[in-house]
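Spelled out from the first residue to the last, the chains are:
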Amino acid sequence: MNKTTISLLSITFFFLMLTSSNSSSNIIAVNKNLSDGETIISGDATFELGFFSPGSSRNRYLGIWYKSTTPCVVVWVANRETPLIDTSGIVKLDSQGTLSLVNGSGITIWSSNSSTTGDTYLPGMKMGKNFKTRREMYLTSWRSADDPSPGVYTLRFSMVKGKYQQQYIRKNSVIQSRIAPINGITWAGRPNYKPNPSYRAKYDIILNEDEMYFVFSFKSTFLLIKSIITPGGKHEVWHLNKKTGKWTQDLYFPSDKCDGYGVCGPYGICSTDTYNICGCFKGFEPKNPQEMPQDNWSSGCRRTRSLDCSAEEGFQKFSSLKLPDTQNAMYDSHMSLRECEVACKSNCSCTAYANPNMTEGAAGCLLWFGDLIDLRVYSQNGQDLYVRLAASELLVNSSTPVNGRFRSRFPRKKRVIVIITISTAAGLAVILVLCTLSKRKRRPDVEREVKVLETEHNSSNKKGNIELTVFRLSTISRATNKFSIENILGQGGFGPVYKGVLEEGQEIAVKRLSKSSKQGLDEFENEVICIAKLQHRNLVKLLGYCIKGEETLLVYEYMPNKSLDWFIFGCVLF
């Protein structure tokens, strides 16, 4: 394969710049050999080249390592796929400038003309792609600490013209984690990365007709820095204090569950600050609510109200985020944020937009087309994302702060959840059985009673067999702060549940039927009839209902007794 992770020209240059550590016989010269047991040292005495055996292995490899560190830290291996089984290996340099590694039988097992992969990135190296030669430069892990042969993990850039660059950690061909794009300052997908103030670092993306690559430059008089992909699939950044010889870790990634790729599915958003790490944007709901108890969010979220490309559609700003995967996004480096919004609004397929560059006054526009995936909340280094929502969803949530948050099955802040105690669970089981039997035996009566609700809900009448208050939609809207995301207590098959306070001070819980809910009018009718007729001190009381246009709402009394889940399982820490 015509791929490499370390520029062979850079390696050859490194070899040619080597100077002797003891005598001129240690310098690689044309037709002169370097045998096992001999080493040469770079001009600044930072690196050393020679033969070594990693860990407990007896195999011999030609490699480069930091000279003055203990234990030995190898940064490059020549023959990682073809180890020597003894100490008979020899390094040669021919008149064409080609380095070769020859075994005891005289067979060349590696040369600088062949492809070479490595697990370590050093400042000044290129990582990216040459479009003419199709050579790609990336990192490949060792198989183990004792075996430098190529492992199953790679760290590579997505280098596609017209796309925004980002890094992926893959296991074989499957994406395991994604490091979000450079935000103009650093890598946005590494919130726990704390650069050492003792050195200055610079990140550059170089793009021209021939190639696209990333270069990291670094300046310090007493520190060295390296980035590796470990045999376990971790991306780590370390710095070495040359005065003390001590290595210190600056970064490890992935660092938590939310760093896993797409763990919350399309339009799902991950946060380690919530009981359940996955949730949905405002304007979205779990696609398969039945999967939630098993913490399976692979199906992600779906819109509560579909887009119709009307002029009234708009965008909701969500802050402190890791931007979505840019594989289905297009990038323009010259557009302002306002121009970006106009471009997205004019294209019905555009689902979100953002300026990925956090540098003050910087331009840039990312437009996403299709599902948004691999999102998470960041307390630092997070960015703003503008998500397209239906006009009705924007209207309902008009009171929500511009810094919108996401819906989760469990809220970000500590708040009580409207639910019953353990004894209530037993009571509900009995009620469900009674309701099912009642519905089967008295279906004509149910239909007659629901018709009373349907025909008379606009007049506050209390006719028929059900005596309930008919609430105005405006009353419930005021009580729940216009169905604010901050008032959401939970989510069920029926739809979201909001906490509210009536004008007279009474606390209520409001169940709002979702358009995409599998439950509908039948379940609404059944719940009204059953709960209204079956009153018990251990049952939450149904106070009333509201049917207005497309809105179907049930109003319950509020019972701050935490959740059944809490009583059974207690506190669970991840």
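The following refers to the structure shown. (Residues numbered from 1 in each chain as written. Predicted model: local features only at pLDDT ≥ 70, side-chain atom pairs only at ≥ 80, totals over all residues. Heavy atoms only, no water.)

This paragraph deals with the state of the cysteines. Tallied over the entire structure, the rule returns six disulfides. Disulfide partner of Cys344: Cys350, at an S-S distance of 2.0 Å. Across the S-S bond of Cys344 and Cys350 the torsion is about -100°, and the bridge reads as left-handed. Here Cys344 and Cys350 have matching classes, each one buried. (Disulfide = S-S within 2.5 Å. Buried < 20%, exposed > 50% of the residue type's maximum accessible area, 1.4 Å probe, protein only.)

Each neighbour pair has its own omega, and for Phe253 with Pro254 the value is 0°, a cis peptide bond. Residue position: Pro254 is located in the loop between strand E20 (246-253) and strand E21 (268-270). The phi dihedral of Ser320 falls on the positive side, at around 60°, and the residue is not glycine. Looking at where Ser320 falls in the secondary structure, it is placed in strand E25 (residues 314-322). Using a relative accessible area of 25% as the deciding quantity, one classes Ser320 as partly exposed. In the Ramachandran plot, Asp374 falls in the positive-phi region, its phi being about 65° despite a non-glycine side chain. (Helix = DSSP H or I, 4+ residues; strand = E, 2+ residues; numbered from the N terminus.)

Another point: the sheet that holds strand E15 (residues 174-179). The four strands lie next to each other as E12-E13-E14-E15, forming an open sheet whose pairing is antiparallel. A single partner strand is all that each edge strand has here, and the edge strands are strand E12 (139-144) and E15. Here the strands of the sheet are splayed against their neighbours by 35° on average, with no regard to which way each runs. Bridge count between strand E14 (residues 167-171) and E15: five bridges; the pairing is antiparallel. When the bridges of E15 are listed, Tyr168 appears paired with Arg178. (Pairing = 2+ DSSP bridges. Axes fitted to C-alpha atoms, helices over the stretch in contact; angles between N-to-C directions.)

Attention now goes to the nonpolar core. If you look at the biggest cluster of nonpolar residues, it comprises 45 residues, and the most contacted ones within it are Tyr66 and Phe214. Judged by nonpolar contacts, the second largest core, of 27 residues, contains Cys264, Ile277, Cys280 and Leu323. (Core = buried A, V, L, I, M, F, W, Y, C linked by side-chain atoms within 4.5 Å.)

Strands sit in the order E9-E18-E19-E20 across an open sheet of four strands; the sheet is antiparallel. The open sheet has two free edges, formed respectively by strand E9 (120-121) and E20, since each of these has just one partner strand. Note: E9 against strand E18 (residues 223-229), two bridges, orientation antiparallel. Bridged to Thr120 within E18 is Ile228.

A separate point is the environment of Phe284. In this fold, Phe284 is placed in strand E23 (residues 284-286). Remark: the alpha-carbon pair of Phe284 and Glu393, spanning 109 residues in sequence, is separated by 9.5 Å.

Let's shift gears to the packing of aromatic side chains. Going through the model one piece at a time under the given rule, you end up with 16 aromatic pairs. An angle of 70° between the planes, with centres 5.6 Å apart, marks the rings of Trp76 and Trp110 as edge-to-face. Placement of the pair is Trp76 in strand E5 (residues 74-77) and Trp110 in strand E8 (residues 108-111), with a sequence separation of 34 residues. You'll find Trp76 and Trp110 in the same group, each marked buried. Joined through ring pairs, the aromatic side chains of Tyr267, Phe281, Phe284 and Phe318 make up one cluster. A cation over an aromatic ring shows up here: Lys126 above the ring of Tyr213, its NZ or CZ 4.4 Å from the ring centre. Positioned over the ring face of Phe483 is Arg512, at 4.4 Å from the centre of the ring. (Phe/Tyr/Trp six-rings, centres within 6.5 Å; stacked < 30°, edge-to-face > 60°. Lys NZ or Arg CZ within 6 Å of the ring centre and 35° of its normal.)

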